[in-house]
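# Fold and contact review
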Amino acid sequence: MSLTKADSYKNNKDKRKKEEKKKKILFRLKAALAVVIVVLAVAWIGYSGYQKIEESRPRASVTADYSAFEEYLNGLNSAEGTE
């Protein structure tokens, strides 16, 4: 091999290495982006499913005794009327 051929081979080898490095980095970035998208989609589907299940469950009814509060208000109203 002549000296010019050896030099061009070395330059081409360096260029190929840089291109391979760029390709690997781009592949990793694309793979990471795909993983993030899949995780977000799965999380969204899971959360939506959880909401649907919670909405379909019957709600427990709660009763409250307001008699003490009503007596208090009646006491306030009667106190205002006496003044």
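We now turn to the structure provided with this report. (Residues numbered from 1 in each chain as written. Predicted model: local features only at pLDDT ≥ 70, side-chain atom pairs only at ≥ 80, totals over all residues. Heavy atoms only, no water.)

## A look at the overall build of the protein chain
- For the protein chain, the count of helices and strands is two helices and zero strands.
- Taking 2.2 N^0.38 as the reference for a compact globule, 83 residues should give roughly 12 Å; the C-alpha atoms of the protein chain span a radius of gyration of 37 Å, well beyond that estimate.
- Its C-alpha atoms give the protein chain principal-axis dimensions of roughly 120 × 35 × 10 Å.
- Surface summary for the protein chain: the accessible area is close to 8400 Å², and the carbon and sulfur share equals 62%.
- Treating the 16 positive side-chain charges of the protein chain as one cloud and the 11 negative ones as another, the clouds have centres 38 Å apart. (Helix = DSSP H or I, 4+ residues; strand = E, 2+ residues; numbered from the N terminus. Rg over C-alpha atoms; globule rule 2.2 N^0.38 Å. Areas by Shrake-Rupley, 256 points an atom, 1.4 Å probe, with all protein chains shown as cover. Lys, Arg positive; Asp, Glu negative; His and termini not counted. Charge placed at Lys NZ, Arg CZ, Asp CG, Glu CD.)

## Quick notes on a nonpolar patch on the surface
- A surface patch of nonpolar side chains, amounting to about 540 Å² of accessible area, comprises Tyr66, Phe69, Tyr72, Leu73 and Leu76.
- Its location among the elements puts Tyr66 in the loop between helix H1 (3-56) and helix H2 (67-82).
- We classify Tyr66 as exposed; its relative accessible area is 53%. (Patch = residues over 30% accessible without salt bridge, like charges linked within 9 Å, V, L, I, M, F, W, Y side chains within 5 Å. Salt bridge = Lys/Arg side-chain N within 4 Å of Asp/Glu carboxyl O. Buried < 20%, exposed > 50% of the residue type's maximum accessible area, 1.4 Å probe, protein only.)

## Concerning the pattern of salt bridges
- Within the structure shown, the criterion is met by one salt bridge.
- Note that Glu54 and Arg57 form a salt bridge whose closest N and O atoms lie 2.9 Å from each other.

## Observations concerning the environment of Ser61
- Locating Ser61 in the fold gives a position in the loop between H1 and H2.
- Ser61 gets classed as exposed once you look at its relative accessible area, which sits at 71%.
- With 14 residues separating them along the chain, Ser61 and Tyr47 place their C-alpha atoms 25 Å apart.

## Here we look at the environment of Ser2
- Tracing the backbone through its elements, the reader meets Ser2 in the segment before H1.
- Owing to a relative accessible area of 36%, Ser2 belongs among the partly exposed residues under this scheme.
- Within polar-contact distance, the side chain of Ser2 engages the side chain of Thr4 at 3.2 Å. (Polar contact = N/O pair within 3.5 Å; in protein donor to acceptor, adjacent residues only side chain to side chain.)

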